[in-house]
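Secondary and tertiary structure notes
Chain by chain, the residues run as shown.
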Amino acid sequence: MQTEKVITHIVDWLKNYAQKANCDGFVVGVSGGIDSAVTSTLCAKTNLNLLCVEMPIHQGKNQVTRADRHIEWLMENFPNVNRQPVNLTPVFDSLVASLPKVENEEDRHMSLANTRARLRMTTLYYFAALKGYLVAGTGNKVEDFGIGFYTKYGDGGVDLSPIADLLKTEVYELGRVLGVNEDIMTAPPTDGLWGDSRTDEDQIGASYPELEWAMKMDNIGKTSDEFTGREKTVFDIYKRYNTNNKHKMIPIPICEIPAHLK
Ligand SMILES: NC(=O)c1ccc[n+]([C@@H]2O[C@H](COP(=O)([O-])OP(=O)(O)OC[C@H]3O[C@@H](n4cnc5c(N)ncnc54)[C@H](O)[C@@H]3O)[C@@H](O)[C@H]2O)c1
Ligand SMILES: Nc1ncnc2c1ncn2[C@@H]1O[C@H](COP(=O)(O)O)[C@@H](O)[C@H]1O
Ligand SMILES: O=P(O)(O)OP(=O)(O)O
């Protein structure tokens, strides 16, 4: 990959899009992970305004520290960057307290995890509307078009996606060239939605490089029966996520009314 040229291409693309949309800048949720670090740095390099929003919800201290340090680094290097911490923990707790109780708490773990992502999306759009900015998404190609590993209308609810055509390993390559902090470069990817330290790999059962391999195999038409051992396991994991989450990758179904009924 011609990393420097890819960076220039994305920065120009962001700037052109914002100017055509008549928007003054970008809002990015900064979590302490690599995707939001790279996305926010690319936005900062446009010289348009960038608001970095930190939105902890019962967040691990190490994630908060990484996000803080990244934003401080951006602000030292780019005068167009500002920060906005918003503590969503009491908002989340209050919503949970208002919801009906369930018999088994386990049953709603996934639903509540996704609720966290949707509260963050709501917050980002609050600032986008207030300031006339666009919400820049942080999804990469494997998450968005491979396994659909994001929350529909949560972190998937964005105005534009600057890194969605880059594999996770390519996002790291951009991070290296952009000078993203070593703490972030070496942190295991996590969706941080569970109130514990589980990583994406713990949840999915395969690493991003493995999933990238499976995505490439799938795209060239390979099938599960062509693999054995770990390769077969990874390919099957990839296919399961890809199939189950297809609904996130295609336009939502619309019930068309036949002409004779109108
Ligand atoms: N970037 C990240 O790393 C990141 C961020 C957020 C979430 N995540 C992970 O992503 C996963 C998100 O969970 P999810 O996918 O169950 O939740 P989701 O809310 O994203 O998608 C499930 C919802 O989609 C709808 N749906 C289901 N099948 C459908 C179909 N066939 N057609 C139309 N709509 C359909 C339903 O409303 C269902 O509740 C979790 O594992 C979470 O940990 C990862
Ligand atoms: N704590 C957070 N503060 C701000 N923005 C956040 C936070 N956690 C997540 N985000 C945003 O959501 C996407 C996806 O998050 P994952 O951690 O990969 O699930 C992240 O890139 C941030 O933009
Ligand atoms: O989306 P981020 O920034 O939280 O990155 P990661 O998923 O690698 O933790």
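Cut-offs applied
Residues numbered from 1 in each chain as written. Chains lettered and ligands numbered in written order. Predicted model: local features only at pLDDT ≥ 70, side-chain atom pairs only at ≥ 80, totals over all residues. Heavy atoms only, no water. Helix = DSSP H or I, 4+ residues; strand = E, 2+ residues; numbered from the N terminus. Buried < 20%, exposed > 50% of the residue type's maximum accessible area, 1.4 Å probe, protein only. Lys, Arg positive; Asp, Glu negative; His and termini not counted. Salt bridge = Lys/Arg side-chain N within 4 Å of Asp/Glu carboxyl O. Contact = heavy atoms within 4.5 Å. Pairing = 2+ DSSP bridges. Axes fitted to C-alpha atoms, helices over the stretch in contact; angles between N-to-C directions. Near = heavy atom within 4 Å. Polar contact = N/O pair within 3.5 Å; in protein donor to acceptor, adjacent residues only side chain to side chain. Areas by Shrake-Rupley, 256 points an atom, 1.4 Å probe, with all protein chains shown as cover. Nonpolar A, V, L, I, M, F, W, Y, C, P; charged D, E, K, R; others polar.

**So, the side chain of Glu212**
Within the secondary structure layout, Glu212 lies in helix α10 (residues 208–219). The side chain of Glu212 is buried and forms no salt bridge, while Lys216, the nearest opposite charge, is found at 5.2 Å. If we skip the residues at most four places from it in the chain, Glu212 touches Val142, Leu167, Lys168 and Thr169.

**Points about the pattern of salt bridges**
Tallied over the full model, the rule gives 12 salt bridges. The salt bridge partner of Arg83 is Glu54, with a shortest N-O separation of 3.1 Å. Of this pair, Arg83 sits in strand β3 (residues 81–85) while Glu54 sits in strand β2 (residues 49–54), and the two are 29 residues apart along the sequence. Across the pair Lys222 and Glu226 runs a salt bridge, and its minimum N-O distance is 3.6 Å. Overall, Lys222 belongs to the partly exposed group, its relative accessible area being 31%. Among the ionic contacts, a cluster of salt bridges with common partners joins Glu54, Asp68, Glu72 and Arg83.

**Concerning the sheet that holds β2**
Taking strand neighbours across the sheet as the criterion, the four strands line up as β3-β2-β1-β4 in an open arrangement whose pairing is parallel. Where the open sheet ends on each side, the last strands, each with one partner, are β3 and β4 (133–135). Each neighbouring strand pair of the sheet contributes to a mean axis angle of 25°, computed without reference to strand direction. Relative to β4, strand β1 (residues 25–29) runs parallel, the two sharing three bridges. In the sheet register, Val27 faces β4, and the bridge partner there is Val135.

**Here we look at the site of ligand 1**
Around ligand 1 sit 17 residues, and of these Arg118, Lys152, Asp155, Asp191 and Lys248 come closest. Between ligand 1 and the protein, one listed contact pairs an oxygen atom with a side-chain N or O atom of Asn114 at 3.1 Å. With respect to ligand 1, the side chain of His247 contributes an N or O atom lying 3.3 Å from a nitrogen atom. The protein chains hide 63% of the 860 Å² of surface that ligand 1 would expose on its own. Breaking the shell around ligand 1 down by element, the ones donating at least two residues are α5 (109–131), α9 (200–204) and α12 (246–249). In terms of residue count, the dominant contributor to the shell around ligand 1 is α5 (three residues). Its residues placed into classes, the shell around ligand 1 shows five nonpolar, five polar and seven charged.

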